[in-house]
Amino acid sequence: MIILMTYSLPENNTTIEEENSPKYQLGGGGGSIEERCSSITFEDILPYTHAHFDIVIDDDWNSAAVEARAWVNGSSVDGLRELLDTYLEELYPSGGDGWISTDEKSAVEAVASECIEYALTRIGMREAAPHRGGVGLDWKNATWQDGVIIEEWNLVPSNHADIRDCTAMGSSNDCVEVPVYPNSERDCNTLIQTIEGIDECRLELWMNATMVIPNIEQGDQFTLAFNTSNMTNAVLDFTFPNNPDLRLDMWEECEGRDVEFEPTTHEDAPLRGTCIGDGSSTYTFENIVNEEVKYTLIPHRSMEMWPSGEDIFADFTTAPIPIDEPPTWTEIAPKNQAWFPSLESGEKIWADWNSVSSWFTDENPISQLQINCEGTDSLNIYQSTDKSFWGTIEEAEVGEVTCEAIDNSGQSSGNRTWHLGVPFSVSTSNNILLNPHPILIELNEGWPELTLEYGFTQSENFNSGTMDTVSLTSSGIMMVDSLGMIPGNVNLWVRTYAENVYSIDKLFYLDIIKESSPPLISLSEYGWEVDTWKAQGQFSDPDGEEVLFSLSINNLSAGSISVSGNSWSTPIINFGLWEEGIHEVKIIGCDISMKCNDVILMVNNTHLYESDEISLPPSQDDNGSLPGPGIVLTILSLTIGLIYSTRRD
């Protein structure tokens, strides 16, 4: 028996709208340049070794002047030259030939400039009370304005050891080109001695651009969000308009979102102050009177961590620094003497961080609180690196745990004590699904009265149209409705809750199988028409599965059965082609679970070989139904021989 348990706890997903998969070329893919560039970043277009971005926000807060300088060194520059050469294959006859020319570099600068105009800025700025997004909030609200300028240095080193005149037809008179990959000595500048240790093949890039910032008017209170996924060795200086009262109220590094996943809604925004960072990004903030207000962000999220992403949230305000109050319990935190049910015994998470972080409020980030939980010795309570709480849950024993939160000043939220244990077990005595199906619930001692919602499901979530509720005060057998289940595995979904009991959803894998029932096949009409024979009827499958038919005469395939809706019919059969006598006609219907039923008819074609005898046709039962497999309906079909003028020899 396998059991899956899920607590009804709030999820802590991030809210900056996810990017698509990374693209290591200009524009990536087909379509217009806007379509090709709108889901990538500066780093995807021009991957660098390290870079510095200077972002100066205008006094009206509506835009910012952005200057960037990036360095591409070592093997990274070889890869970049190769990517550019590959992309230039679409623009120049000489593109894609393994060489970069002075004619081509102007195209590189022009295309890169245009592409970046449509690229993601990674930046979101929104004025108002601090928040982490939510429904209707797309953090990627900062955009590039038309007129981005990209320039480079050393894309085509003038003193390269292998430099040559351009070989492509139509090249300018002064065009020269260098190989994408340098020689083994990496001699990209013959004037520099190797002993100097200078990377002769290095490349420098410059960008000048204007960034548009919506939704900021005063700049007295705003949140700046930045997506640092795959951004390594970068420094970003944000210079704000002079404001002596502006301060950084809270800074959070949020790890773990999957940047390959594009959500359809942002309703699962993280709670402010609950993010857990890995320390890969750092920051500084300076507000020098009558000079400048500068926020410096230093991300270092390496490409090797893809697709795990990172988002940075910085809340700025001019409001006074709040009084350092002790942390307090929230309204949704479990009350004192609450119950934490677990599904099975053993070492388990009894409270994950998404839940724990919602239990407290404080003027500082909740992630900075020291949350202490201690329990009875048998529980072995401890907190893991992701801040989830674990414990060893006993099968039939209720343990106690006491928790509190302490802030940086040593102030406490006060203690609350809770009960941990396994409230009941679930089993079945029958692995073949019945309707209703018996489920044994065995209640352990010491638990308060519980409410159970339950029903069968055939997915990882509750999906049955039938759900029942029962109050659990003692052990007993529940008869669970199984209508709507199709052949295959059937699982039991249970939710338990009560006053002061932490709600928990459970999915039980009890090895219950819904067996397929064979299709029902009935015969409605059959008989002769002159010298040919035909039969037809109806069918249905109790499980709603598709039914496939086959036809045989004397165990030999004899054509196809036609199906229309819930009706079947044989083809017109000319029994004059068979020998005189009685022939077995078998119509077999099988569902996709290979459960079958059949109709067997014994057809006598003797009259086709007689000229004078007169015989009466056989009688037919009222409805012609054949209720089950193996039932043989024997019919000796006769006709009036006088209508035939000759005997068929």
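Residues numbered from 1 in each chain as written. Predicted model: local features only at pLDDT ≥ 70, side-chain atom pairs only at ≥ 80, totals over all residues. Heavy atoms only, no water.

## A look at the packing of helix α3 (residues 74-88) against helix α4 (residues 102-118)
No. 1: With their axes 11 Å apart at the nearest point, α3 and α4 run at an angle of 90 degrees to one another. By the criterion of interaxial angle, the relationship of α3 to α4 is roughly perpendicular. Of α4, the residues touching α3 (which contributes L84, Y87 and L88) are E104, A107, V108 and V111.
No. 2: Residue classes in the contact of α3 with α4 are distributed as 6 nonpolar, no polar and 1 charged. (Axes fitted to C-alpha atoms, helices over the stretch in contact; angles between N-to-C directions. Helix = DSSP H or I, 4+ residues; strand = E, 2+ residues; numbered from the N terminus. Parallel < 35°, antiparallel > 145°, perpendicular 65-115°, else oblique. Contact = heavy atoms within 4.5 Å. Nonpolar A, V, L, I, M, F, W, Y, C, P; charged D, E, K, R; others polar.)

## Brief notes about the environment of P334
No. 1: Residue position: P334 is located in the loop between β17 (328-329) and β18 (339-341).
No. 2: The buried category is assigned to P334, whose relative accessible area is 5%.
No. 3: Distance in space between the C-alpha atoms of P334 and W418 is 8.2 Å, their sequence separation being 84 residues.
No. 4: Discounting chain neighbours no more than four positions away, the residues touching P334 are F340, W359, R416, W418 and Y502. (Buried < 20%, exposed > 50% of the residue type's maximum accessible area, 1.4 Å probe, protein only.)

## A few points about the packing of aromatic side chains
No. 1: Taken as a whole and assessed by the stated rule, the structure comprises 29 aromatic pairs.
No. 2: Between F222 and F316 the ring centres are 5.1 Å apart and the planes differ by 25 degrees, which places this aromatic pair in the stacked class. Here F222, found in strand β11 (residues 221-227), pairs with F316, found in strand β16 (residues 308-317); they are 94 residues apart in sequence, far enough to count as distant. Per residue, the accessibility class of F222 equals that of F316, and both read buried.
No. 3: Ring centres of W533 and F575 lie 6.1 Å apart, and the angle between their planes is 80 degrees; on these two criteria the pair is classed as edge-to-face. Of the two residues, W533 is situated in strand β34 (residues 532-540) and F575 in the loop between β39 (573-574) and β40 (582-591); the sequence distance between them amounts to 42 residues.
No. 4: Three or more aromatic residues joined by ring pairs form one cluster here, namely W61, F222, F226, F238, F240, F285, Y295 and F316. (Phe/Tyr/Trp six-rings, centres within 6.5 Å; stacked < 30°, edge-to-face > 60°.)

## Observations regarding α4
Residues separated by three or four positions in an α-helix point in the same direction, a consequence of the helix having 3.6 residues per turn.
No. 1: With 17 residues, α4 extends 26 Å from end C-alpha to end C-alpha; this agrees with the ideal 24 Å at 1.5 Å per step.
No. 2: All of the buried residues in α4 are E104, A107, V108, V111, A112, S113, C115, I116 and E117.
No. 3: The N-cap residue of α4 is S101: its side-chain oxygen and the backbone nitrogen of D103 are 3.4 Å apart. (Expected span 1.5 Å × (residues − 1). Polar contact = N/O pair within 3.5 Å; in protein donor to acceptor, adjacent residues only side chain to side chain.)

## Structural notes on a nonpolar patch on the surface
No. 1: On the surface, L440, I477 and M479 cluster together into a nonpolar patch covering about 280 Å² of accessible area.
No. 2: Mapped onto the fold, L440 is located in strand β27 (residues 437-443).
No. 3: You can call L440 partly exposed: its relative accessible area is 30%. (Patch = residues over 30% accessible without salt bridge, like charges linked within 9 Å, V, L, I, M, F, W, Y side chains within 5 Å. Areas by Shrake-Rupley, 256 points an atom, 1.4 Å probe, with all protein chains shown as cover. Salt bridge = Lys/Arg side-chain N within 4 Å of Asp/Glu carboxyl O.)

## Looking at the pattern of salt bridges
Note that side chains of opposite charge can pair when their charged atoms are close.
No. 1: Scanning the entire structure with this criterion turns up 17 salt bridges.
No. 2: With its nearest N and O atoms 2.7 Å apart, the salt bridge here joins E204 to R69. Of the two residues, E204 sits in strand β10 (residues 203-212) while R69 sits in strand β3 (residues 63-72), which places them 135 residues apart along the sequence.
No. 3: The partner of R301 in a salt bridge is E255, with the nearest N and O atoms 2.5 Å apart. Residue R301 is located in the loop between β15 (293-298) and β16, and its partner E255 is located in strand β13 (residues 247-258); the two are separated by 46 residues in the primary sequence.
No. 4: On the basis of relative accessibility, which here comes to 22%, the residue E255 falls in the partly exposed class.
No. 5: Residues joined by salt bridges that share partners form a network here, namely R132, R247, D249, E252, R272 and D315.

## Concerning the confidence of the model for the chain
No. 1: Of all residues in the chain, 87% attain a pLDDT of 70 or more, and the chain-wide mean is 85.
No. 2: Below a pLDDT of 50 lies the segment residues 1-25, which in the model reaches 106 contacts outside its immediate sequence neighbourhood of four places, other chains included.
No. 3: Segment residues 619-649 is flagged for pLDDT under 50; beyond a separation of four residues in sequence, or across chains, it makes 85 contacts in the model. (pLDDT = per-residue confidence, 0-100.)

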